[in-house]
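# Coordinate analysis (summary)
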Amino acid sequence: MAAIETVPNYTPSVWVRLCHAIPRLDLTLQTRDSVFTPDSWEYQQTLLVLSSFSAIALVLSLLVILSFLIHYCCCHRGEGGRDAEEEEEDDDASGGHGYSGKKGRGICCVTWVSVAAVTLCCVAIGIGFYGNSEANDGMYQLTSSLLTANYTLASIDLLVSDTVAGLQQSVSGPLTSLEDVFGGHKPALVPTRSCRRLSERVVSILSNLTLGRGLIPIGDGFYRANGSESIVGALTPAPPSVATTLSPSANSIPAPFSPGWAANTLMVNEDYRWLSYVLLLLLDLVVCFFILLGLAKQARWLLILMTVLAWLALFLSWGSLGLETATVVALSDFCFDPNTFVLNSTHFNSRTSTEILDYYLNCGRKMSSPFQQILTQSQRALSSIHSHLSSLERDALPRFPKAEKSLREVQQILNTTEGNFHQLVALLNCRGLNKDYVDSLKGLCYDGMEGLLYLSLYSFLSALAFTAILCSLPGAWRSFHRDSDEYEDSDSESEDPFTSHQARRPTATGSQRGALPPFYSYQGAGWTPPFSSAPPLPTPNVSSNGNPGYENLPLSDRQSPPPSYSPSMLTGYGASQSHPNPSHSRNLYSH
């Protein structure tokens, strides 16, 4: 593979290979290649076609949900009377809990389908949180590598500018003073003029030490060409807070690629992306939690509200899947062969030669630096300047003591220049920038790619889960809203906290048992008490379990309620009934 041969220490992952091998079709359904060219309209069409599959899946989900809604609304409309008749029989057979028989099995089926869909959604949410974290880690590694490369380029720019400024200062200051001191002495004047010429040559060589033509910032995102400026200044533009506010001129050109600008832009966009996914995941989590709560509490209003949010989550899931599909495919095309895009893109090589880019992107041991000749010439010139200054110090300084101060200043500038030059040679080596390049590729193509794949899986699973939820929730409403009404009616009919719902239910219906007879009914002299399920009233002279009187019986032995009545209460109640035989009430306690 080209990507494996051209980028040391980097190998495209299996996921990159699989996604890169996906066939590409444009809007006219013609096959296109998989070369990463984001500015090409043909390549953009292939991404649109791949994203359209999520739109097709959304339409299919809507059709499935619509078919279930039609099934619940139309096919079951004529079964309302039959369900009302079978409801009592199912409740009596189930002991009041309403979950046996045909209807009970249907309720359980609908409920468990909803619970299974919510569980699938929770699994998808967990995958989404992991994928969002992985993608964020990959982008963090990418931006860190870009910032490190930007710092390296800024250091190169600083060293070059300091070296050039120091040599120019030496030419215009101490060397000019030495020429004035040695004016009539030719053996001392010749080395001094040689130092001036060599310093001007080093300044000219380092000024040409560029990755291309330098650019001067003149506005927001626009630069002016300047052949005497270092390209590193163009690669590390000034921050927006200190940039000058100037209107672009006619010869303004767009700024080339800058690692610092790219890192800042990616960090801002990544913050928004990470926050958007966190909010989407929290929305799905809240919807799943309250759907379970609504099913447990049988709160119809809560399920209606969650159904509305589930519709929103469904559209967001399929929409995010389409966006993630296009991003994953485009990223796989770039990661499969990144050097090809970098070398061919006008944003990179418009101000940088291909030879220099190839040197830093590949960084092979057998590759020679494109700056080798320039650095060698500069090193030789600095060595010659140092030799001339040593000869002046040895031969001319004893005869011209006034030249000592200027000579020491030139030597100090030369020492600083040589120190900066050695640091410049180390920074221009390809190992540092190539390591930053490979680290950025690994962060983007390993962690970033893996995170996007997990996010795509999350979007797909959550879309399926919300489709199942929207199909099953109408059945859940139909299954438990009548039971909720019955509980509300029975609770309003009785305020006795000690009477259970099953004990109040027959009283509320009253369709299978007749009304109980009055407590006393007299049919003449041969009256007998009517049949009653209450225990017989004991006589005042009989004790139960050794305790005198009925009032001392334990509550479990009396089978309470109904409450007991004292003899005086019964005597008063019998006297108020106008019986033809007054002695009849006394016979009640004589047996």
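Residues numbered from 1 in each chain as written. Predicted model: local features only at pLDDT ≥ 70, side-chain atom pairs only at ≥ 80, totals over all residues. Heavy atoms only, no water.

Applying the stated criterion across every chain, the model contains 10 aromatic pairs. Judged by centre distance (5.9 Å) and plane angle (85°), the ring pair of Phe36 and Tyr43 falls under edge-to-face. For the residue pair Phe36 and Tyr43, the accessibility class agrees, reading buried in each case. A network of ring pairs unites the aromatic residues Phe36, Tyr43, Phe334 and Phe341 as a single cluster. (Phe/Tyr/Trp six-rings, centres within 6.5 Å; stacked < 30°, edge-to-face > 60°. Buried < 20%, exposed > 50% of the residue type's maximum accessible area, 1.4 Å probe, protein only.)

Once that is clear, we can look at the nonpolar core. Membership of the largest hydrophobic core comes to 41 residues, with the highest contact counts inside it found for Phe182, Tyr360, Leu389, Leu424 and Leu428. At the level of elements, α5 (101-172), α6 (174-181), α7 (186-207), α13 (354-362), α14 (372-396), α15 (404-427) and α16 (430-493) are the ones that each hand at least two residues to this core. The biggest single contributor to this core is α5, with eight residues. When residues no more than four places from it in sequence are discounted, the contact partners of Leu428 are Ile156, Leu209, Tyr359, Tyr360, Phe371 and Leu375. (Core = buried A, V, L, I, M, F, W, Y, C linked by side-chain atoms within 4.5 Å. Helix = DSSP H or I, 4+ residues; strand = E, 2+ residues; numbered from the N terminus. Contact = heavy atoms within 4.5 Å.)

Backbone geometry places Leu29, a non-glycine residue, at a positive phi of 60°. Along the chain, Leu29 turns up in the loop between β1 (24-25) and β2 (31-32). Since its relative accessible area comes to 63%, Leu29 is described here as exposed. Although it is not a glycine, Gln298 sits at a positive phi angle of roughly 55°. Of note, Gln298 is situated in the loop between α9 (259-297) and α10 (300-336). On the accessibility criterion, Gln298 (23% relative accessible area) is partly exposed.

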